[in-house]
Amino acid sequence: MPAEDPDPPARARRLHAMSFNVRVDVASDGGDAWPHRKDEAASVIRLHEPDLVGCQEPLAGQLAELREALPAYDWVGEGRGVGEHEGEHVPIGYRTDRFGLLEQDTFWLSEAPAEPGSVGWDGEHPRIATWARLRDGATGAEFVHLNTHLDHRGERARERGAALIAERLASIAPDVPVVVTGDFNCAPGSPPYERFTRRFDDARERSIHPHHGPTETFHGFAGDPERRIDYVLVDGFAVRQHATLADRWDDRYPSDHFPVLAELVVEDA
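The paragraphs below set out a description of the structure included in this document.

Under the 1.5 Å per step criterion, the end-to-end length of helix α1 (residues 34-48) is 20 Å for 15 residues, consistent within 8% with the ideal 21 Å. Those residues of α1 that sit buried are W34, R37, E40, A41, A42, V44 and I45. In the core, the buried residues of α1 are packed alongside β1 (14-21), β2 (52-56), α2 (60-69) and β3 (73-76). Just downstream of α1 lies E49, where phi reads positive at about 50 degrees.

In structure tokens, the structure reads:
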């Protein structure tokens with residue numbers, strides 16, 4: 001028999017958080033390039049209705065198209081290059097009918113976190129984290145959502161980036177719940193994952209109900225995922241459900257990553 005939810009919370013206390021690497025807009029993707037799947041990417045978010053969504057890789061133009069297609073959300077974040085709109089973003093989208101934005105910022109995962117475009121350690125590209133402090137209009141509770149994308153080449157950059165994020169969140173959110181979304185470019189058990197999970201819980205491992213969907217997340221547009229690198233982490237939230245979403249349109253996928261979705265509940269103080 002499946003485990004029963006010991007304390008089903010009122011819907012007003014639940015929130016859904018999604019991590020979704022939408023794949024950068026590059027013409028070399030051919031039939032899988034952004035112009036051919038942008039509507040599907042927006043549709044995944046619209047259908048599953050996350051209260052919070054952390055995207056990875058969109059350029060300014062992609063983010064503008066998501067913003068237009070998803071008017072229920074407002075977005076915060078800037079590009080990882082020199083200049084607010086330059087390079088890939090790690091934006092946070094939040095439902096404006098539920099949340100109020102109190103504070104937000106972006107910092108670089110490097111030895112100079114305030115320096116736009118800075119590359120950290122052995123990383124190949126600039127990497128950033130965007131965070132937002134939000135107030136939930138349904139409950140009055142405040143929390144912080146941070147979204148990031150760790151380097152795909154540099155092992156030290158991933159580990160030090162995870163450490164920097166954990167250190168920053170200790171000062172940004174010392175007394176409120178935290179949700180972290182992101183593409184960490186590493187598997188469970190790796191040093192960056194272990195650094196994160198010293199402070200945060202992996203929502204999949206914390207979920208009351210069994211995980212739904214594929215166990216891995218990166219599939220390269222093939223639909224057969226080979227690595228789990230996309231996560232929702234939490235501190236101060238209970239987790240009711242966790243899923244990897246394998247939505248597709250015939251043989252077309254909205255991205256080369258499957259989105260991850262977690263249903264969260266603020267824990268009682």
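Moving on, there is more to tell.
This model, assessed by the stated rule, comprises seven aromatic pairs. On the basis of an interplanar angle of 80 degrees and a centroid distance of 5.6 Å, the ring pair of F99 and F143 is categorised as edge-to-face. Placement of F99 in strand β5 (residues 99-108) and of F143 in strand β7 (residues 142-149) is noted, with a sequence separation of 44 residues between them. On the accessibility criterion, F99 (5% relative accessible area) is buried. The class for F143 is buried, based on a relative accessible area of 1%. Consider the rings of F184 and F196, whose centres lie 4.5 Å apart with planes at 25 degrees: the pair is stacked. Pair noted here: F184 is in the loop between β8 (178-183) and α4 (191-196) and F196 is in helix α4, with a separation of 12 residues, a long-range link. When sorted by exposure, F184 lands in the same class as F196, which is buried. Aromatic rings pair up to connect F184, Y193, F196 and Y231 into one cluster. Positioned above the aromatic ring of Y73 is the side chain of R95, whose terminal nitrogen or guanidinium carbon lies 5.4 Å from the ring centre.

The next thing to look at is unusual backbone geometry. In the Ramachandran plot, R23 falls in the positive-phi region, its phi being about 70 degrees despite a non-glycine side chain. Residue position: R23 is located in the loop between β1 and α1. The backbone phi angle of N185 is positive, close to 55 degrees, even though this residue is not glycine. Relative to the helices and strands, N185 resides in the loop between β8 and α4. Exposure remark for N185: the relative accessible area of 14% places this residue in the buried category.

Cut-offs applied
Residues numbered from 1 in each chain as written. Predicted model: local features only at pLDDT ≥ 70, side-chain atom pairs only at ≥ 80, totals over all residues. Heavy atoms only, no water. Helix = DSSP H or I, 4+ residues; strand = E, 2+ residues; numbered from the N terminus. Expected span 1.5 Å × (residues − 1). Buried < 20%, exposed > 50% of the residue type's maximum accessible area, 1.4 Å probe, protein only. Contact = heavy atoms within 4.5 Å. Phe/Tyr/Trp six-rings, centres within 6.5 Å; stacked < 30°, edge-to-face > 60°. Lys NZ or Arg CZ within 6 Å of the ring centre and 35° of its normal.

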